[in-house]
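# Residue-level structural notes
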Amino acid sequence: MSALTEIPLSTLRGEEATLGQFGGPVLVVNVASKCGLTPQYTGLEKIAEDYRDRGLTVVGVPCNQFMGQEPGTAEEIETFCSTTYGVTFPLLEKTDVNGENRHPLYTELTKAQDADGEAGDVQWNFEKFLVDADGTVVRRFRPRTEPDAPEVIAAIEDVLGD
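Reading the values: rules and limits
Throughout this document, residue positions are counted from 1 along each chain, in the order its sequence is written. For this predicted model, a pLDDT threshold of at least 70 governs which residues receive local features, and a threshold of 80 or more governs which side-chain atom pairs are given and counted, while totals over whole chains, interfaces and linings are taken from all residues. Here the side-chain values reflect all heavy atoms present in the structure, with hydrogen atoms and water set aside. Secondary structure follows DSSP: runs of H or I at least 4 residues long count as helices, runs of E at least 2 residues long count as strands, and numbering of each begins at the N terminus. For a helix, the expected span equals 1.5 Å multiplied by the residue count minus one. Cysteine sulfur atoms that come within 2.5 Å of each other are treated as a disulfide pair. Any two residues having at least one pair of non-hydrogen atoms within 4.5 Å are treated as being in contact. Think of each axis as a best-fit line through the C-alpha atoms, taken over the contacting stretch in the case of a helix, with angles from 0 to 180 degrees between the N-to-C directions. In what follows, roughly perpendicular refers to angles from 65 to 115 degrees, roughly parallel to angles under 35, roughly antiparallel to angles over 145, and oblique to any angle outside these ranges. Just so you know the grouping, Ala, Val, Leu, Ile, Met, Phe, Trp, Tyr, Cys and Pro go in nonpolar, Asp, Glu, Lys and Arg go in charged, and all remaining residues, Gly too, go in polar.

Right, let's get into helix α2 (residues 74–85). Taking 1.5 Å of rise per residue, twelve residues should cover 16 Å, and α2 covers 16 Å from first to last C-alpha, within 8% of that figure. Note on α2: the residue one or two positions beyond its end, G86, has a positive phi of about 65 degrees.

The structure is reproduced here in structure tokens:
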């Protein structure tokens, strides 16, 4: 286990959490309710459902840093996600993913490189990080990569193995 799996987190409901408690690979995605990419919730929920029994957990991280596209309260975010997209995967509290108040989780995640070899700040809502059960970031997908894109599915299959 790496330090990444033990970073203290808080759920949207205020419960303490860590990535390690999910017991397997995690797809961490910064999310927003009022973004052009918000329909990606549909694909994320499908991945959560399709791979839950094989140990993958999708974790949504609401973030309001990109043009104020996640302005709601915890209750508003939870209601929107469940009623509009049927989201059943865990959501963390609203979090900064960039800047001086960047959450320690994202301090670690943003060290990972994308397919072009670029690390650093999250570009926009719906950037995806696939973290294996040991806490290693195995792939980083930029926001416009759909959750069901072949490269995302292949990476998930690889990290899950047999």
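Still to come is the rest of the account.
As a further point, take the state of the cysteines. Evaluated as defined, the whole model comprises zero disulfides. A disulfide-free cysteine, C35 has its sulfur positioned 11 Å from the sulfur of C63, the nearest such atom.

A separate point is the environment of V29. As for its position among the elements, V29 is in strand β3 (residues 26–31). Measuring from C-alpha to C-alpha, the distance between V29 and F129 comes to 6.5 Å, with 100 residues separating the pair along the chain. Setting aside residues no more than four positions away along its own chain, V29 makes contact with L44, V59, G60, V61, Y106, F126, E127 and K128.

In contact at an axis separation of 10 Å, helix α1 (residues 40–51) and α2 are set at 80 degrees when each is read in the N-to-C sense. Accordingly, the angle class assigned to the pair α1 and α2 is roughly perpendicular. Each of Y41, T42 and E45 in α1 lies in contact with α2, whose residues at this interface are F80, C81 and Y85. Grouping the constituent residues of the contact of α1 with α2 by class yields four nonpolar, one polar and one charged.

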